[in-house]
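Working through the structure, step by step
Chain by chain, the residues run as shown.
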Amino acid sequence: MANRREFIKISSIGAGGLALAANTFSWSKGMSFADDLLSPDKKGALRTPTYCELCFWKCAGWVYKDERGEIKKITGNDDDPHCNGRFCPRGTGGVGMYHDKDRLKKPLIRAEERGKQIFREASWDEALDYIAEKLGKIAREHGPECVALFTHGSGGKFFGDLMKAYGSTNIAAPSFAQCRGPREVGFLATFGELVLSPERTDIRDTKCLVLIGSHLGENMHNGQVQEMSDAIDKGATIITVDPRFSIAASKSKYWMPIKPATDLALLLTWINLIIENEWYDKDYVEKYTYGFDVLKERVKPYTPQWAYGITGLKPEMIYDTAKAMHDASPAVIVHPGRHVTWYGDDTQRSRAVAILNALLGSWGRRGGFYYPEKASLPDYPHPPYPKPKRTWRDAFPGKFNLANEVLSTGICDASIPNTARDCTFKAWLVYGTNLIKTLPERKKTLEAIQNLELLVAIDTMPMEITGYADVILPECTYLERYDMLRTNPHREPNIALRMPAAKPKYDTKPAWWMAKKLADKMGLGDYFAWNDIEELLDWQLKKIGSSLDEMKRIGVKKFPRQYDDLYFWPDQDFIFNTNSGKIELYSTDLEKEGFDPIPKYTPHPEPPEGYYRLIYGRAPMHTFSRTINNPNLVDLMDENTVWVNPKVAKIWYLENGQEVYLQNQDGVISKFPIKVRVTERIRWDSVYMVHGFGHSNKKLSRAYGKGGSDSELISKVMLDPVMGGTGMRGNFVTFLTEKPVEEEVAS
Ligand SMILES: Nc1nc2c(c(=O)[nH]1)N[C@H]1C(S)=C(S)[C@@H](COP(=O)(O)OP(=O)(O)OC[C@H]3O[C@@H](n4cnc5c(=O)[nH]c(N)nc54)[C@H](O)[C@@H]3O)O[C@H]1N2
Ligand SMILES: Nc1nc2c(c(=O)[nH]1)N[C@H]1C(S)=C(S)[C@@H](COP(=O)(O)OP(=O)(O)OC[C@H]3O[C@@H](n4cnc5c(=O)[nH]c(N)nc54)[C@H](O)[C@@H]3O)O[C@H]1N2
Ligand code: SF4
Ligand SMILES: [Mo]
């Protein structure tokens with residue numbers, strides 16, 4: 001069994017990794033990055049509130065300016081529960097986004113075929129007239145339901161409202177079908193509740209945190225990482241299940257280097273052990289759950305010895321970790337993860353995670369999962385939205401009924417003409433999501449795009465997706481604009497304001513302005529009846545006892561909870577929002593849809609000879625593909641590497657720092673070379689890289705051609721039949737040490 005000493009031995013092999021580990025956590029204990037560029041009290045310093053847009057944790061902070069009004073630094077707002085006054089490296093580096101000279105500067109209209117980066121500059125009026133006219137034509141000829149919005153980011157809300165007014169509810173975020181969809185569906189089926197963002201995990205007070213392919217510390221969701229750091233200081237047991245020795249693994253009592261794609265075997269075995277040894281919370285299970293006896297029977301075959309053969313994890317370690325969860329119960333969290341679209345059985349794996357938590361009695365308990373609360377803001381009055389005649393679901397009759405959000409990849413599929421479907425999408429509005437690098441199966445994405453009558457990209461940077469747009473609308477950065485108030489749920493309801501710290505640079509505009517202007521041009525002005533966003537925000541704030549003036553001063557406002565129900569009371573009666581009114585260990589929803597009501601283990605395909613499973617993840621200083629060109633963050637990490645186990649390196653004669661191309665099982669070859677990092681920190685059957693690198697848009701002067709792109713190698717998807725999530729970890733790669741011939745390379 002691995003112990004702490006062994007971890008140190010392993011991490012000393014990858015010294016870079018260890019340095020990173022130390023940094024990550026010392027940061028969260030208060031050593032703030034790039035501190036005191038300018039003291040807040042310095043004479044003449046001005047500060048305005050914002051919330052960060054570098055990732056979707058949305059930490060609230062202060063933007064400081066110097067005497068000349070130049071933005072100098074961003075720090076966390078002490079009253080903000082998302083960040084507790086501390087920003088992560090990316091958030092601090094947000095200023096780089098504002099200063100980046102590669103930014104989009106003017107509206108652009110395509111002058112040549114899609115994919116070629118040839119555009120002409122246009123005025124805002126001309127660009128918006130072009131879009132309004134096209135959308136009008138599509139509504140008349142095909143119906144407004146043939147238009148979809150893809151969105152990931154704050155300003156998407158305004159385009160969402162525009163879509164609803166226009167008559168389409170096809171509003172998709174890749175953060176569902178490519179990210180957290182399966183866990184939301186799995187937890188909803190079990191507890192009748194979503195996990196939400198920030199996650200409702202009570203890590204602050206936990207005694208045992210189990211991370212399954214959730215690499216907190218590299219996955220730098222601020223408040224969550226801080227709470228994990230505090231929990232470690234208070235002696236919590238961390239159990240990390242990851243084929244890679246992640247930063248979280250380096251902080252763990254147990255690192256379980258699982259064979260990828262076998263997590264469900266481990267989870268079912270833990271469930272069996274916890275039931276067999278009577279380590280479950282008996283009163284809780286009896287009072288709150290449904291289907292225990294069937295579960296008990298069904299998991300009997302899943303023994304540690306059986307799991308050893310599948311997962312490669314020693315039976316004693318499986319036993320000891322199950323016992324550790326029991327010892328901490330109910331202050332234990334088997335973390336639901338966030339990016340969970342892996343192997344196509346992801347809803348079932350998330351169900352197993354939910355069931356394990358239920359048995360341990362951690363849902364609704366201190367140190368487990370709390371009940372969050374959200375401040376609710378009234379909607380500005382508007383006419384009722386028209387009822388659409390069709391939705392994306394009509395393209396998939398009888399399928400994905402448990403998906404509680406729109407499927408981005410579903411819309412993409414339904415944009416490719418197919419005689420079996422009567423619904424084909426004709427236009428996409430794409431706000432703040434780089435679909436080319438974000439959606440798997442790039443060939444399909446490109447085919448769908450080539451069939452569209454209109455593609456509008458609303459972005460701040462020239463990216464892969466903007467290259468395919470007919471019209472590009474340049475948004476100003478979050479530092480130059482207002483957005484809606486942040487109202488995410490937390491332990492205490494709270495709101496945060498984002499206001500401009502500077503005037504928009506170049507000829508850029510905020511999303512609210514673009515959507516309102518477009519609405520006017522499309523005859524939908526009544527849906528945006530406010531004159532400007534300050535009026536809208538002030539109206540909303542006054543309805544809940546605040547004002548825009550107050551929020552400009554304080555940035556974050558907390559409200560008391562309506563009820564004292566953060567956790568269940570002892571013996572509290574509770575009706576869960578499920579068919580049985582109980583926590584469903586046996587899911588009646590899944591049963592109704594024809595799926596296994598209790599998760600089952602099924603094996604997944606293995607890599608062919610000479611190929612390795614491609615796995616990917618995050619680096620603390622970057623967010624997806626969006627920060628790679630940021631002048632401040634590029635200094636911290638300017639390219640990714642492919643992690644290769646020394647055994648594999650030996651077979652292929654690979655050396656540290658050597659450049660290779662990767663080729664996948666479908667013959668797709670990476671466009672750019674990537675450097676090899678030989679390290680014990682990855683299993684021999686897999687290779688690993690950080691997602692987001694390998695940009696192919698030449699207008700990104702710092703990011704172009706730097707590192708490799710996992711996205712282009714994910715040409716195969718393992719579809720989740722329950723909710724349509726796209727499992728992306730069933731792709732296998734091999735090494736090419738010579739530069740390949742041009743035609744074979746990924747587009
Ligand atoms: N291969 C692979 N694919 C993945 C993942 C992976 O790990 N590997 N991860 C998946 C996950 S978990 C997620 S959540 C998704 C995320 O996928 P995306 O949301 O697409 O994330 P990014 O790639 O960062 O793309 C963000 C786009 O928003 C633009 N942008 C940034 N700020 C602003 C702004 O203020 N306004 C506007 N209008 N645009 C802005 C950026 O320039 C960029 O073009 O990707 C998923 N896809
Ligand atoms: N710095 C930074 N932080 C971020 C983001 C970012 O872009 N940058 N993005 C945010 C977003 S939207 C999301 S969704 C989250 C994503 O963060 P996570 O939910 O933590 O998900 P991934 O990044 O996909 O996690 C990758 C980990 O899974 C491991 N892994 C791969 N295959 C397997 C397997 O079969 N089994 C197990 N057990 N583990 C496996 C990898 O080795 C790696 O350590 O991060 C968030 N935080
Ligand atoms: S975690 Fe970092 S990047 Fe994400 S919102 Fe917070 S400060 Fe910004
Ligand atoms: Mo995500």
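Being a predicted model, the structure only gives us computed values, none of them experimental. Note that residues are indexed from 1 along each chain, following the sequence as it is written. Here chains are named by letter from A upward and ligands by number from 1 upward, in the order in which they appear as written. Since the coordinates come from a predicted model, pLDDT governs what is reported: local features require at least 70, and pairs of side-chain atoms require 80 or more to be given and counted, while whole-chain, interface and lining totals use all residues. By convention in this description, side-chain values take in all heavy atoms of the structure and omit both hydrogens and water.

Throughout, exposure labels follow a simple rule: accessible area from a 1.4 Å probe, protein chains only, divided by the maximum for the residue type, with under 20% read as buried, over 50% as exposed, and the rest as partly exposed. A run of DSSP states H or I qualifies as a helix once it reaches four residues; a run of E qualifies as a strand once it reaches two. Both are numbered from the N-terminal end. Judged by how many residues are buried, helix H6 (residues 156–166) sits mostly within the fold: 9 of 11 residues are covered. Residues Gly-156, Phe-158, Phe-159, Gly-160, Asp-161, Leu-162, Met-163, Ala-165 and Tyr-166 constitute the buried set of H6. Looking one or two places after H6, you find Gly-167, whose phi comes out positive at around 120 degrees.

On to the domain arrangement of the protein, then. Just so you know, the domain bounds were taken from an automatic or database domain assignment. Segmentation of the protein into domains returns domain 1 (1–26 + 101–166 + 420–475 + 510–529), domain 2 (31–92 + 477–504 + 532–563), domain 3 (198–372) and domain 4 (612–744). Whether two residues are in contact is decided by their heavy atoms: any pair within 4.5 Å suffices. Counting from both sides, the interface comprises 24 residues of domain 3 and, opposite them, 26 residues of domain 4. When two parts are brought into contact, each loses some accessible area as probed by a 1.4 Å sphere; the total of that loss over both is the buried area. Counting each side, the surface lost to burial between domain 3 and domain 4 is near 1900 Å², with a carbon and sulfur contribution of 56%. Of all residues in domain 3, the largest losses of buried area upon contact with domain 4 belong to Arg-244, His-339 and Tyr-343, amounting jointly to 27% of the total for that side. Two N or O atoms form a polar contact when they lie within 3.5 Å of each other; inside protein one atom must be a possible hydrogen donor and the other a possible acceptor, and for residues adjacent in sequence the pair counts only when both atoms belong to side chains. Taken together, domain 3 and domain 4 are joined by 9 residue pairs in polar contact (both at pLDDT 80 or more).

Near, as used in this document, describes a residue that has one of its heavy atoms within 4 Å of the molecule or strand being considered. Looking at ligand 3, the residues that line it are Cys-52, Leu-54, Cys-55, Trp-57, Lys-58, Cys-59, Phe-87, Cys-88, Arg-90, Gly-91, Met-220 and Asn-222. Of the residues belonging to the shell around ligand 3, the class tally is 8 nonpolar, 2 polar and 2 charged. Throughout, the ten residues Ala, Val, Leu, Ile, Met, Phe, Trp, Tyr, Cys and Pro are labelled nonpolar, Asp, Glu, Lys and Arg are labelled charged, and all others, Gly among them, are labelled polar.

To continue, consider the confidence of the model for the protein. Every residue gets a pLDDT, meaning the predictor's confidence in that residue, from 0 to 100. When the pLDDT values of the protein are averaged, the result is 93; 93% of them are 70 or greater. In this model, residues 1–44 is a region of pLDDT below 50 whose contacts with residues beyond four sequence positions or in other chains number 76 contacts.

Our next topic: the packing of helix H7 (residues 174–191) against helix H15 (residues 346–359). Two quantities define a packed helix pair, namely the angle between the axes and the distance from one axis to the other. Angles run from 0 to 180 degrees between N-to-C directions of axes, and those axes are lines fitted to C-alpha atoms, restricted for helices to the stretch in contact. At their nearest, the axes of H7 and H15 sit 8 Å apart, and the two run at 45 degrees to each other. It follows from the interaxial angle that H7 and H15 lie oblique. Relative to H15, H7 is oriented so that their crossing is right-handed. When H7 is examined against H15, the residues Pro-182, Arg-183, Val-185, Gly-186, Phe-187, Ala-189, Thr-190 and Phe-191 are found in contact with a partner set consisting of Asp-346, Thr-347, Ser-350, Arg-351, Val-353, Ala-354, Ile-355, Asn-357 and Ala-358. Residues of the contact of H7 with H15, tallied by class, amount to 9 nonpolar, 5 polar and 3 charged. For classification purposes, an angle smaller than 35 degrees is called roughly parallel, one larger than 145 roughly antiparallel, one from 65 to 115 roughly perpendicular, and anything else oblique. Left-handed describes a crossing whose near helix is turned anticlockwise from the far helix through less than a right angle; right-handed describes the clockwise counterpart.

Between Lys or Arg on one side and Asp or Glu on the other, a salt bridge is scored when a side-chain nitrogen of the former is within 4 Å of a carboxyl oxygen of the latter. Following the criterion strictly, the structure yields 50 salt bridges and no others. The partner of Lys-521 in a salt bridge is Asp-129, and the shortest N-O contact between them spans 3.0 Å. Here the residue Lys-521 occupies a position in helix H19 (residues 511–521), and Asp-129 occupies one in helix H5 (residues 124–142), the gap between them amounting to 392 residues. What makes Lys-521 partly exposed here is its relative accessible area of 31%. In this structure, Arg-183 engages Glu-199 in a salt bridge whose closest nitrogen and oxygen atoms are separated by 2.6 Å.

Our next topic: the site of ligand 2. Every one of the 32 residues lining ligand 2 counts as a neighbour, but His-215, Asp-242, Tyr-343, His-622 and Arg-729 are closest to it. Within the side chain of Asn-219, a nitrogen or oxygen atom sits 2.9 Å from a nitrogen atom of ligand 2. Contacts to ligand 2 include Ala-261, whose backbone N or O atom sits 3.0 Å from an oxygen atom. Areas reported as accessible are Shrake-Rupley estimates using a 1.4 Å probe. Residue values count occlusion only from the protein chains shown. Coverage of ligand 2 by the protein amounts to 99% of the 910 Å² it exposes when considered alone. If you tally residues by element for the shell around ligand 2, the top one is strand S19 (residues 612–617), at 3 residues. For the shell around ligand 2, the residue count by class is 15 nonpolar, 9 polar and 8 charged. Structurally, the shell around ligand 2 is a two-domain feature, drawing no fewer than three residues from each of domain 3 (198–372) and domain 4 (612–744).

To continue, consider the sheet that holds strand S3 (residues 71–76). In short, DSSP must find at least two bridges between two strands for them to pair. Read from one edge to the other, the open sheet built from 3 strands follows the order S1-S2-S3, with strand pairing classed as antiparallel. Where the open sheet ends on each side, the last strands, each with one partner, are strand S1 (46–51) and S3. In this sheet, neighbouring strand axes are inclined to one another by 30 degrees on average, regardless of whether the strands run parallel or antiparallel. When S1 meets strand S2 (residues 60–65), the two strands line up antiparallel, connected through 6 bridges. Residue pairing in the sheet places Thr-48 in a bridge with Val-63 of S2.

As used here, the term nonpolar core means buried Ala, Val, Leu, Ile, Met, Phe, Trp, Tyr and Cys residues forming a set that is joined through side-chain atoms within 4.5 Å. Core analysis: the biggest nonpolar cluster contains 68 residues, and Trp-270, Ile-271, Met-325 and Leu-359 have the highest contact counts within it. Here the element with the most residues in this core is helix H10 (residues 263–276); it accounts for 10 residues. Beyond its immediate chain neighbours, meaning those up to four positions away, Trp-270 contacts Val-210, Ile-212, Val-241, Met-256, Ile-318, Thr-321, Ala-322, Met-325 and Leu-356.

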